[in-house]
Structure formats: C-alpha cells, structure tokens
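Letter by letter, the chains look like this.
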Amino acid sequence: MLAVRPTTGADGQGSPTGAAAVERRRLQHRLQLLLERSVDAGALVLLDDPQGYILLPRPVGSGPDQPTGRPTGLPTDPPADPSTDLPAGLPRLLADACGEELPLSVAGFTDVAGFVQAAGTAREVLRLCLALDRGPGPHRLADVLLEYHLSRPGHSAGALSTLLDPVLAQPELAATVRGYIARQQDRRATAQALGLHPNTVDNRIRRAGELIGTDLTTPRGYALALAAMAARDLGRPPHPDPPRPLKPL
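Basis of the calculations
The numbering scheme is per chain: residues are counted from 1 as the chain's sequence reads. In keeping with the model being predicted, local features are shown solely for residues with a pLDDT of at least 70 and side-chain atom pairs are shown and tallied solely at 80 or more, while totals for entire chains, interfaces and linings include all residues. Side-chain descriptors were evaluated using all non-hydrogen atoms of the structure, hydrogens and water having been removed beforehand. Helix and strand definitions follow DSSP, with helices as H or I runs of at least four residues and strands as E runs of at least two, each counted in order from the N terminus. Relative accessibility decides the category of a residue: with a 1.4 Å probe and only protein chains considered, values under 20% of the type maximum give buried, values over 50% give exposed, and everything between is partly exposed. Should any heavy atoms of two residues lie within 4.5 Å, those residues are considered in contact. Here the open area of atoms and residues is found with the Shrake-Rupley method and a 1.4 Å probe, where only the protein chains shown may cover a residue. Here is the rule: rings of Phe, Tyr and Trp (six-membered ring for Trp) pair when centre to centre is within 6.5 Å. Planes less than 30 degrees apart are stacked, more than 60 are edge-to-face, and the remainder are tilted. Note on terminology: a nonpolar core comprises buried Ala, Val, Leu, Ile, Met, Phe, Trp, Tyr and Cys residues joined through side-chain atoms within 4.5 Å. What makes a salt bridge here is a side-chain nitrogen of Lys or Arg within 4 Å of a carboxyl oxygen of Asp or Glu, nothing more. Two strands form a pair only when DSSP identifies at least two bridges running between them. Whenever a helix is involved, its axis is fitted only over the stretch in contact; in every case the axis is a line through C-alpha atoms, and angles between N-to-C directions fall within 0 to 180 degrees. The quantity known as pLDDT measures the predictor's confidence residue by residue, on a range of 0 to 100.

Draft legend 1. Molecular detail of the overall build of the protein chain. Of the regular secondary structure elements, the protein chain holds 10 helices and 4 strands. Secondary structure elements of the protein chain occur, N-terminal to C-terminal, as β-α-β-β-α-β-α-α-α-α-α-α-α-α. For the protein chain, the residues scored as buried account for 42% of the 249 residues in total. Taking contacts inside the protein chain between residues at least 6 apart in sequence as the whole, the part at least 24 apart equals 63%. Accessible surface, the protein chain as shown: approximately 13,100 Å² in total, 54% of it carbon and sulfur.

Put into structure tokens, the structure is as follows:
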C-alpha cells in the first residue's frame with residue numbers, strides 16, 4: 001500500500017467540492033488507468049483530500065520468506081529499502097502523471113485484518129516525512145522510526161523538544177548543529193556545506209554542547225541532540241486520528 005499526497009484538486013478541508021472535486025476525480029481516474037496498463041491490472045487508486053491510497057497486489061515469492069506459487073493479491077511488509085518493494089520506475093511514473101514530485105510512503109499488510117493498520121501507518125509515515133522535509137520518498141516506517149516514537153505523547157516530550165533552545169536562539173550555532181546532525185557528525189561535510197573551516201565547526205559544536213550540557217561529539221550526546229531536534233521539528237503532535245473510511249471508486 002502507498003499513501004500519496006497530490007496537490008491536484010486538494011483544498012485541505014477533507015472532502016473537495018465543486019471544481020476541486022472534479023479535478024480530484026479526474027486525477028484518480030487517470031492514475032487508475034495508468035497503473036492498470038503499466039503496472040498491475042489489480043491496482044486500486046483511492047484519492048481523498050489531502051491524501052490518498054494506492055493498493056498494489058504483490059505475488060507470493062516477490063519478497064523474502066515467501067513461498068512461490070499462486071498470487072495472493074495482497075502485499076507483504078516492504079524490505080528496508082522501499083524502492084525495492086515497488087515496480088521499477090513507479091515513483092517517476094506517478095510524478096509524471098500528477099505533474100509534480102509526489103510524496104509517498106509504503107506500508108504492507110498480509111491479510112484483510114491488517115489493512116486499516118497499514119493505511120494508518122502509511123498515512124502517519126507520510127505526515128512525518130513531510131513535516132521533516134524528507135523529500136518525496138518513497139518512505140517506510142523504518143525510515144522515521146525514531147521520529148515516529150518521539151511524536152507519541154509523553155511526559156518527557158516537552159523537555160526534550162526544548163533542550164536545544166539555547167543553541168537554536170543563535171543562528172550560527174543553530175545552522176551548524178543542524179548541519180552536523182543531518183550529516184551524521186561528519187565535521188568536514190558540515191564545514192563544506194556551510195562554507196566554514198572544519199575547526200570552526202568543531203568550535204561551534206563544542207560551544208553548543210556547553211550550552212545544553214552534553215558533548216555532541218559523543219554517541220550519547222549526538223543521539224540526544226538528534227532526538228531533541230526531531231522532537232522540536234515535529235512539534236510534539238498528538239496521536240494521529242484513526243484513518244477515515246476509504247471512499248469507493
């Protein structure tokens with residue numbers, strides 16, 4: 001299953017009306033025909049606002065630990081690299097059809113009982129990736145597992161999300177720490193991206209550590225800063241609402 005968020009015909013109000021609804025139906029029909037002809041005759045496209053779902057049958061034997069033989073018509077949990085679980089070129093195909101880079105996430109299910117859970121997972125993964133500016137994807141739960149955990153309500157969420165406030169109040173330190181986290185502690189890559197000398201990065205990272213009381217160059221300090229930055233960027237959202245019933249074609 002894919003969760004997608006095309007902008008065509010979307011008004012963000014839950015159920016498009018008027019011209020927006022017509023655009024949305026046309027896009028759904030266009031994607032449906034495209035997938036049936038180019039990917040799988042059993043594909044199903046369901047577009048709501050602002051999000052939609054694409055169901056892709058997957059034959060048994062196309063994933064690990066699966067016997068060969070008859071097709072089940074139901075996908076299984078995708079592997080670590082979501083692109084390997086999708087037909088070759090599918091993201092590009094969808095982007096061309098929609099006229100935009102289409103944000104999408106992947107979730108799998110093995111039986112009908114897992115369908116609703118997979119829809120909710122795919123939707124939440126897509127929401128997180130959009131909030132974190134992770135690009136169009138495809139994304140899966142493993143890509144944002146830490147952020148998914150941090151976005152659940154908890155007593156420590158507030159303290160964690162404000163940990164970096166003294167650092168983020170200073171633009172130069174903020175940019176350096178964000179770059180350092182994004183590049184997984186690679187000081188030279190951070191320096192190159194920011195147009196700085198590596199020693200300047202070292203000095204700023206040391207200063208940031210002094211402000212929050214931890215050494216960001218250690219595994220624990222880096223993990224804490226990573227978690228704090230993610231919690232802050234996500235804004236400590238509440239549990240996602242249960243997915244709305246999917247509308248029939």
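From this point, the discussion proceeds with the structure in view.
Draft legend 2. Layout of the packing of aromatic side chains. Under the defined criterion, the tally for this structure stands at 1 aromatic pair. Their ring planes at 85° and their centres at 5.6 Å tell us that Phe109 and Phe115 sit as a pair that is edge-to-face.

Draft legend 3. Inspection of the environment of Leu168 at higher detail. Structurally, Leu168 is set in helix 6 (residues 165-168). Residues Leu168 and Ala208, spaced 40 residues apart in sequence, show a C-alpha to C-alpha distance of 9.2 Å.

Draft legend 4. How the structure looks around the nonpolar core. With 23 residues, the main nonpolar core has Val177 and Leu216 as its most contacted residues. Counting only elements with at least two residues in this core, the list comes to helix 6, helix 7 (171-182), helix 9 (198-212) and helix 10 (219-234). Here this core takes 7 residues from helix 10, the largest share from any one element. Within the second largest apolar cluster, 18 residues are counted, among which are Leu2, Val4, Leu90 and Cys98.

Draft legend 5. Representation of the pattern of salt bridges within the structure. All told, the structure shown has 9 salt bridges when counted by the stated rule. Measuring nitrogen to oxygen at the nearest pair gives 2.2 Å for the salt bridge that ties Arg232 to Asp165. Of this pair, Arg232 sits in helix 10 while Asp165 sits in helix 6, and the two are 67 residues apart along the sequence. Taking the relative accessible area as the measure of exposure, Arg232 reaches 35% and is therefore partly exposed. A relative accessible area of 32% means that Asp165 is categorised as partly exposed. Arg207 is paired through a salt bridge with Glu210; the nearest N and O atoms lie 3.6 Å apart.

Draft legend 6. Highlighting the sheet that holds strand 1 (residues 2-4). The 4 strands are arranged 2-3-1-4 in an open sheet whose pairing can be described as antiparallel. Every other strand in the sheet has two partners, leaving strand 2 (44-47) and strand 4 (104-106) as the edge strands with one partner each. With direction set aside, neighbouring strand axes in the sheet form an average angle of 20°. Bridge analysis of strand 1 against strand 4 gives 3 bridges, and the strand direction is antiparallel. Across the sheet, Val4 pairs through a bridge with Leu104, a residue of strand 4.

Draft legend 7. How the structure looks around unusual backbone geometry. In this model, Gly137 is joined to Pro138 through a cis peptide bond whose omega is 15°. Positive phi outside glycine occurs at Gln184, with the angle close to 50°. Position of Gln184 among the secondary structure elements: in the loop between helix 7 and helix 8 (187-194). In this structure, Gln185 takes a positive phi of about 70° despite not being glycine. Along the chain, the position of Gln185 falls in the loop between helix 7 and helix 8.

Draft legend 8. How the structure looks around the pairing of strand 3 (residues 52-55). By the alternation rule, side chains of strand 3 split into Gly52 and Ile54 and Tyr53 and Leu55, which are all buried. Bridge analysis of strand 2 against strand 3 gives 4 bridges, and the strand direction is antiparallel. Along strand 3, the bridge assignment pairs Leu44 with Leu55.

Draft legend 9. Fine view of the confidence of the model for the protein chain. The predicted model of the protein chain averages 78 in pLDDT, with 77% of residues at 70 or higher. Element-level mean pLDDT values for the protein chain span from 76 in helix 5 (residues 157-161) up to 96 in helix 9. This model gives residues 59-84 a pLDDT under 50, and the stretch forms 48 contacts once residues within four places in sequence are excluded. Taken as a whole, residues 236-249 scores under 50 in pLDDT and shows 33 contacts with residues more than four places along the chain or in a different chain.

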